[in-house]
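# Commentary on secondary and tertiary structure
Read off the chains here:
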Amino acid sequence: MEADSNKITYENDNLSFALDGQKGYLLSFISGREFIVPDVNESLFSLQFRNAVGATQCFDSSQAESFTWQRSDKEDKTLFTLQYKNIASDCFFERGISARVYIECSKNSPLTQWRIDVDFNSQSALELLEFVEFPKVTLVNDFKAQGGDLELFWPFSEGCLIDDPGARQHPYKAVEYPSGGWYGLYPGPLQMQYMSVQSSKGGLYLASHDESHGPKEIEFCTVEEGTRLIYKVFTSATRTNYKMPYAMVLGGFDGDWYAAAEIYRDFATCAKLCQIPKLKDNPKVLDWIKESPVVCTYAVRGEGHHAGPSQPNKLYPYKNVLPYLAYYQKEFGTNILNIIMQYEGTAPWSPPYVWPPMGGEDLFKDYVDALHDQGNIAGLYCSGTSWTEFSSTGDGDYDCRNRFKELNLIEDICIGPQGEQSSIVCNGDALRWGYDLCASRKKTLDLLACETKKMIAAGVDYVQLFDQNLGCAPYFCHSSDHGHPAGPGPWMVHAMQQLIVGIYQQSGANDKDVLLGCEAAAAEPFMENLPLNDLRFNQVLSYGRWVPAYAFIYHEYVNNFQGNQVETSEFFSTEQGANHLLLRTAYSFSIGDLMTIVLNEEGQIHWAWCSKFSVPAPDQKSIIQLIKNLSAWRKGAAKDFLIYGRMEKPYEILNPRQTQVYRSDGTLMNFDKVLSSRFVNIEGRDVQLFVNWQDNTEQVELSLDTDLKTIIIYSSATGEMRQVSSQALTLSIPPLDSLMIEYVRH
């Protein structure tokens, strides 16, 4: 059909959408309500090319010389083909770029599939296609903070729910070289590849159902017209025609963020995306993980913060911590995974070299042997795939510039599109100056495997090797000399996977049953070999509220730990309001993760890493009691659910009582006094946990399904139980403790 003034429309029982018939951009998407406004540039997609010297040239679909479309109605589906011919720009007049978009709408399915092909003639002015942004969606200005009822789910740092997109503390930053830290990269700090928008009338689901885990920018930013959802797909710097090998999925649903997460979970666990064994069958998940240790972490240098020159503190020599660990081990009723920071004999947070440890190998080995004699587990932090030229930490005189030249590492660092040599991850006067190492290079493997082997020889059981590679993110590299494509794409993910496997093999970690980990939950392609990681859900507070989307989708496959919660003091006040350490610990337990304590130099449990020792410690009695009680549940009646279970949406607590936590800027956030989560175990048993992080008994009333036959209440971690009817249910949750109920339908 030739382009005319008519709209291109589609409607089924679940959704409807419309595109402009003249230029082929989205006008409307309805699933219970209208979600979008037309793109301000009247485009459905954008293309970014680079020329022979690495400069960018961008095009929008609205710049096509002609647009045509066809519709084909079949018995079970409707197909659209949209053709954009001779795309040009004000700066580039040659019209050698064309694109086709294919939309597949299965009859009465809530999901539609969108693909794009791009044809262009590679030349010096347009040498390669770097990314495709597609489809371009702008949400209406109707979020909760604006008086509406929209909320956005963003898969940042295990899951983020946003009711005010304009209130983000960190402004939007494009994903590009040099690689950043906390920004919208999948796979990395975004562990999953979907977004959703929820309302009381319906929802919008936007995802890339990409089984190859290709890198993408998944972001949002506010514009005058609304909120842009940004989905950029990196192509591996293709120099020929690009054909999207998977579908972008645009769909509708009913419900909240759990409903959207269930759509994604159905795809992820049924497709090739998640082919790893479940946790109970994964040989990488060692017995000590299944015994639910509490994680303990602290630095042996400095005053509780990672920046600046640092001298040994009272937790050094290493054995000084052992009496504290013995105390917590007894109080909590479980073993301790003890992960030390700032131990490096080189300089703290100055990768890749960490060995020998401060004070020498013998001193450290004596500590590890004594730790193992206690029945505890030894861990160390590292700093990922970076190279330090010189550092201001430690003694302040660490310098590897000559070694860089000796190893000719100029051939192995990540290079920018115009030949730049730069890094911004933890780079700066506060920590170090250096470069990012390309994951594809053999020297990167050799350097990291060699350091890991030394740690293993000292008896270490767990190495958080990829700290700062958030989610184990691979860093961008545009080099044309490394044997990979000269731009970001799926090769990066494969290279990082091969790097992880190579380190396990070359370091002897496989033979010694030593685990590697990363900062934040491991993104999807890295979960199999990184089954225990240092979570960062607190970082979500820069944008919205945390929700356990990662656990909902993947808890059967991977357990994590609460993490050192770095920089929590930037978000929450330690001087007023509810005790957010209790909140964060209860939340971690409720979603099935190991709990974590961070020590100050007196051996007290502190607020978090980067809370300086000069800050008064939180109440010790309450946090110890909470962890003691919850640890008993994790090792007792709730074990099969919290370790191996599949998370489900919990039944609603009616009129939940809330308390206020002060943010560092003096504003307030409300949190439920009783947190709740629900799990189904391998045998199909269905339980809901209630965690009271308050010092007083709290009561909750539930809204339940009518098909329940019986409810079993477990009043203690040892399994004491009683049966009650399935009518309206009111529960009393003891202070700093949990309660579990089981739902019986047959």
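This text gives an overview of the structure that appears in the document. As the structure is a computational prediction, the values presented were derived from the model and not from experiment.

Our focus in this paragraph is the pattern of salt bridges. A full pass over the atoms with the stated rule returns 38 salt bridges. With a shortest N-O distance of 3.6 Å, aspartate 707 and arginine 745 are connected by a salt bridge. You can see aspartate 707 sitting in the loop between strand S40 (698-702) and strand S41 (710-714) and its partner arginine 745 sitting in the segment after strand S44 (737-744), a full 38 residues away along the chain. For aspartate 707, a relative accessible area of 43% gives the class partly exposed. Overlapping salt bridges, with partners in common, bring together Asp467, Glu519, Asp534 and Arg536 in one network.

Put simply, the second largest pocket is a space of about 770 Å³. Forming the boundary of the second largest pocket are 35 residues, of which Gly181, Trp182, Cys426, Leu470 and Glu567 lie nearest the centre. Looking at the lining of the second largest pocket residue by residue, the classes come out as 17 nonpolar, 10 polar and eight charged.

Let's shift gears to the nonpolar core. Phe17, Leu82, Trp114, Tyr194 and Tyr554 are the most contacted members of the largest nonpolar core, which has 231 residues in total. Ignoring sequence-local partners within four residues, the contact set of phenylalanine 17 consists of Ile8, Thr9, Tyr10, Leu26, Ser28, Phe29, Phe80, Ile103, Cys105, Thr112 and Trp114. Formed by 16 residues, the second largest nonpolar core is a distinct cluster that contains Val674, Phe690, Ile733 and Leu739.

Pairing within the open sheet is antiparallel, and its three strands lie in the order S35-S40-S43. With partners counted over all chains shown, the strands left at the sheet margins are strand S35 (653-654) and strand S43 (729-733), one partner each.

For the pair helix H6 (residues 442-457) and helix H7 (residues 490-507), the least separation of the axes is 8 Å and the interaxial angle reads 45°. On the basis of their axis angle, the class for H6 and H7 is oblique. In terms of crossing hand, the pair formed by H6 and H7 is right-handed. Taking contact as the criterion, the partners of Thr444, Leu445, Asp446, Leu448, Ala449, Thr452, Lys453 and Ile456 in H6 are, on H7, Leu499, Gly502, Ile503, Gln506 and Ser507.

As summarised here, the arrangement of the three strands in space is S26-S25-S27, forming an open sheet in which the pairing is antiparallel. Of all the strands in the sheet, just strand S26 (398-399) and strand S27 (432-436) have a single pairing partner and so form its edges. Pairing analysis gives two bridges linking strand S25 (residues 386-391) to S26, with the strands arranged antiparallel. Counterpart to serine 391 in the pairing with S26 is tyrosine 398.

Once that is clear, we can look at the environment of tyrosine 258. Looking at the secondary structure, you find tyrosine 258 in helix H1 (residues 257-270). Put simply, tyrosine 258 and proline 548 are 290 residues apart on the chain and 9.3 Å apart in space, counted from C-alpha to C-alpha. Setting aside chain neighbours within four positions, we find tyrosine 258 in contact with Pro548, Phe552, Glu648, Lys649 and Pro650.

Using the criterion set out here, one finds seven cavities of 30 Å³ or more in the structure. Its volume calculated, the largest cavity comes out at about 100 Å³. Around the largest cavity, the lining is made up of 15 residues, and of these Leu535, Tyr550, Ala551, Ile591 and Asp593 lie nearest the centre. Ranked by the residues each element gives to the lining of the largest cavity, the list is headed by helix H9 (residues 549-554), at three residues. One number sums up the size of the second largest cavity: a volume of about 60 Å³. What lines the second largest cavity is a set of 16 residues, among which Leu581, Thr596, Ile597, Val598 and Trp607 lie closest to the centre. Elements supplying a minimum of two residues to the lining of the second largest cavity: helix H10 (580-590), strand S32 (596-599), strand S33 (605-606) and helix H11 (620-635). The class makeup of the residues in the lining of the second largest cavity is eight nonpolar, seven polar and one charged.

On to the packing of aromatic side chains, then. When we look at a pair of aromatic rings, we describe it by the centre distance and by the angle of the planes. According to the stated counting rule, one finds 44 aromatic pairs in the structure shown. Between the aromatic rings of tyrosine 258 and phenylalanine 552, the centroid separation amounts to 5.4 Å while the plane-to-plane angle is 65°, which identifies the pairing as edge-to-face. On the criterion of sequence distance, the pair formed by tyrosine 258 in helix H1 and phenylalanine 552 in helix H9 is long-range, its members being 294 residues apart. Taken individually, tyrosine 258 and phenylalanine 552 each receive the classification buried, so the pair is uniform in this respect. For the ring pair phenylalanine 537 and tyrosine 587, a centre distance of 4.9 Å and an interplane angle of 65° mean the geometry is edge-to-face. Here phenylalanine 537 is found in the loop between strand S29 (515-518) and strand S30 (545-546), whereas its partner tyrosine 587 is found in helix H10, with 50 residues between them in sequence. Assigned by exposure class, phenylalanine 537 and tyrosine 587 land together as buried. Grouped by ring-pair contacts, the aromatic residues Phe153, Tyr194, Tyr205, Trp257, Tyr258, Tyr264, Phe267 and Phe552 constitute a single cluster. For arginine 168, the ring lying beneath its charged end belongs to phenylalanine 220, and the centroid distance is 4.5 Å. The ring of phenylalanine 552 carries the charged tip of arginine 265 above its face, separated from the ring centre by 4.0 Å.

Turning our eyes to something else, we now look at unusual backbone geometry. In this structure, proline 187 follows tyrosine 186 across a cis peptide bond, with omega equal to -5°. If you trace the backbone, proline 187 turns up in the loop between strand S15 (185-186) and strand S16 (194-198). The omega angle of the peptide bond from tryptophan 355 to proline 356 is 5°, so this bond is cis rather than trans. Even without being glycine, glutamine 342 reaches a positive phi, approximately 55°.

As a packed pair, helix H3 (residues 322-332) and H11 sit with axes 8 Å apart at the nearest point and diverge in direction by 55°. Viewed along their axes, H3 and H11 adopt a mutual orientation that is oblique. Across the interface between the two elements, Tyr327, Tyr328, Glu331 and Phe332 of H3 pack against Gln620, Ile624, Ile627, Lys628 and Ser631 of H11. A per-class count over the contact of H3 with H11 returns five nonpolar, two polar and two charged.

Our next topic: the pairing of strand S2 (residues 16-19). Side chains Ser16 and Ala18 of S2 all project onto a buried face; the interleaved residues Phe17 and Leu19 project onto the opposite face, where all are buried too. Between strand S1 (residues 8-11) and the antiparallel strand that follows it, S2, lie four residues. The hairpin turn running from S2 into strand S3 (residues 26-30), its antiparallel successor, is six residues long, and glycine 24 in that turn takes a positive phi close to 75°.

Reading the values: the criteria
Residues numbered from 1 in each chain as written. Predicted model: local features only at pLDDT ≥ 70, side-chain atom pairs only at ≥ 80, totals over all residues. Heavy atoms only, no water. Salt bridge = Lys/Arg side-chain N within 4 Å of Asp/Glu carboxyl O. Helix = DSSP H or I, 4+ residues; strand = E, 2+ residues; numbered from the N terminus. Buried < 20%, exposed > 50% of the residue type's maximum accessible area, 1.4 Å probe, protein only. 1 Å grid on protein atoms, 1.4 Å probe; cavity = no way out; pocket = protein on both sides within 12 Å on 5 of 7 lines; lining within 4 Å. Points joined across faces, edges and corners; volume = space filled by probe spheres on them. Nonpolar A, V, L, I, M, F, W, Y, C, P; charged D, E, K, R; others polar. Core = buried A, V, L, I, M, F, W, Y, C linked by side-chain atoms within 4.5 Å. Contact = heavy atoms within 4.5 Å. Pairing = 2+ DSSP bridges. Axes fitted to C-alpha atoms, helices over the stretch in contact; angles between N-to-C directions. Parallel < 35°, antiparallel > 145°, perpendicular 65-115°, else oblique. Left-handed = near helix turned anticlockwise from the far one by under 90°. Phe/Tyr/Trp six-rings, centres within 6.5 Å; stacked < 30°, edge-to-face > 60°. Lys NZ or Arg CZ within 6 Å of the ring centre and 35° of its normal.

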